[in-house]
Amino acid sequence: AKLRAEEPVVDQTFAEADVIMTPLLGRPLSEYVFVDAEDPDAMARAEASLRETEITQPAVMAADLALTRLLAAYGVSPDLVMGHSLGEYGALMAAGSLTFEQTLEAVSVRGRGMSELTHGDRGVMAAVFAPLAEVEAAVEGVDGCIVANVNSMNQAVIGGATVSVHGVMEKLIAAGFTVVELPVSHAFHTSIVAPASVPLRAALEGLGLQPPQLPIVSNVNGELYPTGAGAREAALDLLARQVQSPVQFVAGLRTLYREGARVFIEVGPKRTLAGFADDVLGAE
């Protein structure tokens, strides 16, 4: 809220988002984000709403663009980009593949596609603070549980079917590691949300996704999006797969470093991703 009051670019970005999202949500997006911090009931309602993926995803994108514009106002612009999970759409927006309006429409479709899944089990996800090799060993051979976010050498997220993930959580806790179940609506980046990839690809194709104008790393394989002939189709395929594929953030950080990146700026409210970069690349 302090940033919003001091920087008109934030207000302007959310005003644009409200025009786009009100017909889809039935009310302005900003009403879910900017509430009276002194009103516990309003805060609780906002927190509950922002856990619903069809609201979370466009809200995050609006904040991403506001911060990107704020950085640009101070002369900071990227040479290469990468996002984490939903953040890949923010990276695509920064890379010129999608306009702000197209990005909000795309993530709205992505969010609705996930929220409308009719699985009896939405699955769960849990952050694990342990060496990556230990996490990979814990899920090996467990049906219905995978490493859904390969974040750093000492932190990962597991996800999948509720019973399977809880079993792996118990195993890791018994081994002395810290495990925290995440407040998410579905087990993202697992087969549970795979059906959402079909309408998402169709929506992206209809929105006019363009090849990126900046080098951008894909979460699916941790490599740069293809360029040249067939780049658009390749991007559509990667984004359709991204919904259900593990986030290969460690590989992506190494790709950025290989391509010459040495200064990493996290566009977001905290420094989680910057911490991953320190963990993976700190010794390089």
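Refer to the preceding data block for the structure.
Conventions and cut-offs
Residues numbered from 1 in each chain as written. Predicted model: local features only at pLDDT ≥ 70, side-chain atom pairs only at ≥ 80, totals over all residues. Heavy atoms only, no water. Helix = DSSP H or I, 4+ residues; strand = E, 2+ residues; numbered from the N terminus. Contact = heavy atoms within 4.5 Å. Phe/Tyr/Trp six-rings, centres within 6.5 Å; stacked < 30°, edge-to-face > 60°. Buried < 20%, exposed > 50% of the residue type's maximum accessible area, 1.4 Å probe, protein only. Lys NZ or Arg CZ within 6 Å of the ring centre and 35° of its normal. Axes fitted to C-alpha atoms, helices over the stretch in contact; angles between N-to-C directions. Parallel < 35°, antiparallel > 145°, perpendicular 65-115°, else oblique. Left-handed = near helix turned anticlockwise from the far one by under 90°. Polar contact = N/O pair within 3.5 Å; in protein donor to acceptor, adjacent residues only side chain to side chain. Pairing = 2+ DSSP bridges. Salt bridge = Lys/Arg side-chain N within 4 Å of Asp/Glu carboxyl O.

## Thoughts on the environment of Pro 246
Part 1 of the argument: Mapping Pro 246 onto the fold places it in the loop between α11 (231-242) and β7 (247-248).
Part 2 of the argument: A sequence separation of 106 residues divides Pro 246 from Glu 140, and the C-alpha atoms of the two residues are 15 Å apart.
Part 3 of the argument: Among all residues touching Pro 246, those that are not within four sequence positions of it are Ile 146, Val 147, Ala 148, His 189, Asn 219 and Val 220.

## A look at the packing of aromatic side chains
Part 1 of the argument: The tally for this structure, following the rule as stated, stands at 2 aromatic pairs.
Part 2 of the argument: Ring centres of Phe 14 and Phe 34 lie 4.9 Å apart, and the angle between their planes is 75°; this geometry places the pair in the edge-to-face category. Of this pair, Phe 14 sits in helix α2 (residues 8-25) while Phe 34 sits in the loop between α3 (30-33) and α4 (40-49), placing them 20 residues apart in sequence.
Part 3 of the argument: Looking at Phe 14, the relative accessible area reads 4%, which means it is buried.
Part 4 of the argument: The partly exposed category is assigned to Phe 34, whose relative accessible area is 22%.
Part 5 of the argument: Both rings, one in Phe 249 and one in Phe 276, keep their centres 6.1 Å apart while their planes meet at 70°; by these two values the pair is edge-to-face. Placement of the pair is Phe 249 in helix α12 (residues 249-258) and Phe 276 in helix α13 (residues 272-281), with a sequence separation of 27 residues. An identical accessibility class is assigned to Phe 249 and Phe 276; each is buried.
Part 6 of the argument: The cationic tip of Arg 27 hangs over the ring face of Tyr 32; the distance from NZ or CZ to the ring centre is 4.2 Å.
Part 7 of the argument: The lysine or arginine in question, Arg 69, covers the ring of Phe 100, its NZ or CZ lying 5.8 Å from the ring centre.

## Observations regarding the packing of helix α5 (residues 53-73) against helix α6 (residues 87-94)
Part 1 of the argument: Interaxial distance between α5 and α6 falls to 9 Å at its minimum, and their mutual angle equals 40°. Relative to α6, α5 is oriented oblique. The crossing of α5 and α6 is right-handed. Packed against α5, whose contacting residues are Met 61, Asp 64 and Leu 65, the element α6 presents Gly 87, Tyr 89, Gly 90 and Met 93 at the interface.

## Digging into unusual backbone geometry
Part 1 of the argument: Of note in the backbone geometry, Ser 85 takes a positive phi value of approximately 60° without being a glycine.
Part 2 of the argument: Inspection of the secondary structure assignment puts Ser 85 in the loop between β1 (81-82) and α6.
Part 3 of the argument: A positive phi angle, close to 60°, is found at His 189, a residue other than glycine.

## Digging into the packing of α2 against α5
Part 1 of the argument: Where α2 meets α5, the closest approach of the two axes is 9 Å, and the angle between their N-to-C directions is 155°. With respect to their mutual orientation, α2 and α5 come out roughly antiparallel. As α2 packs across α5, the resulting crossing turns out to be right-handed. Touching Val 9, Val 10, Thr 13, Phe 14, Glu 16, Ala 17, Met 21 and Leu 25 of α2 are Glu 54, Ile 55, Pro 58, Ala 59, Ala 62, Ala 63, Leu 65, Ala 66, Arg 69 and Leu 70, all from α5.

## Let's talk about the environment of Ser 197
Part 1 of the argument: Along the chain, the position of Ser 197 falls in helix α10 (residues 197-207).
Part 2 of the argument: What Ser 197 contacts, discounting residues up to four positions off in sequence, is Ala 240 and Gln 244.
Part 3 of the argument: Of the polar contacts made by the side chain of Ser 197, one reaches the backbone oxygen of Ala 194; its length is 2.8 Å.

## Description of the sheet that holds strand β5 (residues 178-181)
Neighbouring strands of a sheet are bound in pairs by backbone hydrogen bonds; such pairs are parallel or else antiparallel.
Part 1 of the argument: Pairing in this open sheet of 5 strands is mixed, and the strands run β5-β2-β4-β3-β7 from one edge to the other. The strands lining the two open edges of the sheet, one partner per strand, are β5 and β7.
Part 2 of the argument: As defined by bridge partners, strand β3 (residues 145-150) adjoins β7 across 2 bridges and the pair is classed as parallel. Residue pairing in the sheet places Asn 149 in a bridge with Val 247 of β7.
Part 3 of the argument: Across the sheet, helix α9 (residues 162-174) touches β2 (124-129), β3, β4 (156-160) and β5, and the angle it forms with β4 is around 145°.

## Side note on the pattern of salt bridges
Part 1 of the argument: For the structure on display, the rule yields 9 salt bridges.
Part 2 of the argument: A salt bridge links Glu 233 to Arg 201; the nearest nitrogen and oxygen atoms lie 2.9 Å apart. Taken as a pair, Glu 233 in helix α11 and Arg 201 in helix α10 lie far apart in primary sequence, 32 residues in all.
Part 3 of the argument: With a closest N to O distance of 2.9 Å, Asp 237 and Arg 201 form a salt bridge. In this pair, Asp 237 sits in helix α11 while Arg 201 sits in helix α10, placing the two residues 36 residues apart along the sequence.

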